[in-house]
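Overview (structure and organization)
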Amino acid sequence: MYLTKEVKEQIFTKHGKSATDTGTAEGQIALFTFRINHLTEHLKKNRHDYNTERSLVKLVGKRRSLLDYLKKKDINRYREIIKELNIRK
């Protein structure tokens, strides 16, 4: 499996407050970005996997709504996470 417990802890340690603090917007956005990148690579190899394509679109929407929330709450945190994860916009 691509998303093991260790990988999740690493993501939340780097982008969240700690490895166990999984509720911060930055941590969630980083996790969604990791999953989106993985699914994008999968779809490059498997073009006709429409279920995965739908999941990817839903994940992008979730990440976008979290980014909008963060932008509304604290613009500096928003800019920081965008720069850190190399997300367009």
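Residues numbered from 1 in each chain as written. Predicted model: local features only at pLDDT ≥ 70, side-chain atom pairs only at ≥ 80, totals over all residues. Heavy atoms only, no water.

Things to note about the packing of helix H3 (residues 50-73) against helix H4 (residues 75-85)
Here is the rule we go by: Throughout, an axis means a line fitted to C-alpha atoms (over the contacting stretch in the case of helices), and angles, computed between N-to-C directions, take values from 0 to 180 degrees. To qualify as a helix, a DSSP run of H or I must reach at least 4 residues; to qualify as a strand, a run of E must reach at least 2; elements of each kind are numbered from the N terminus. Each angle receives one of four descriptions, namely roughly parallel if under 35 degrees, roughly antiparallel if over 145, roughly perpendicular if within 65 to 115, and oblique otherwise. Throughout, a residue-residue contact means that at least one pair of heavy atoms, one from each residue, lies within 4.5 Å.
Contact geometry of H3 with H4 gives a least axis separation of 5 Å together with a crossing angle of 140°. Accordingly, the angle class assigned to the pair H3 and H4 is oblique. Contact residues: H3 offers Arg64, Leu67, Leu70, Lys71 and Lys73, while H4 offers Ile75, Arg77, Tyr78, Ile81 and Ile82.

Remarks on the pattern of salt bridges
What counts is decided by this rule: Counted as salt bridges are all cases of a side-chain nitrogen of Lys or Arg within 4 Å of a carboxyl oxygen of Asp or Glu. Exposed residues in this analysis have more than 50% of their type's maximum accessible area, buried residues have under 20%, and partly exposed residues fall in between, with area computed by a 1.4 Å probe over protein chains only.
Tallying each qualifying case throughout the model produces three salt bridges. A salt bridge links Arg77 to Glu26, with the shortest nitrogen-to-oxygen separation between them at 2.5 Å. With Arg77 in helix H4 and Glu26 in helix H2 (residues 25-45), this residue pair connects regions lying 51 residues apart in the sequence. For Glu26, a relative accessible area of 14% translates into the label buried. A salt bridge links Arg64 to Asp68, with the shortest nitrogen-to-oxygen separation between them at 3.3 Å.

Observations regarding the packing of aromatic side chains
The description of an aromatic ring pair uses the distance of the two centres, along with the angle that the planes make with each other. The condition is simple: Each Phe, Tyr or Trp ring, with Trp reduced to its six-membered ring, pairs with another whose centre is within 6.5 Å; inter-plane angles below 30 degrees give stacked pairs, above 60 give edge-to-face pairs, and intermediate values give tilted ones.
Scanning all chains against the criterion turns up one aromatic pair. With a centroid separation of 6.1 Å and 20° between ring planes, the pair formed by Tyr2 and Phe34 is classed as stacked. Of the two residues, Tyr2 sits in the segment before helix H1 (5-15) while Phe34 sits in helix H2, which places them 32 residues apart along the sequence. A relative accessible area of 29% means that Tyr2 is categorised as partly exposed.

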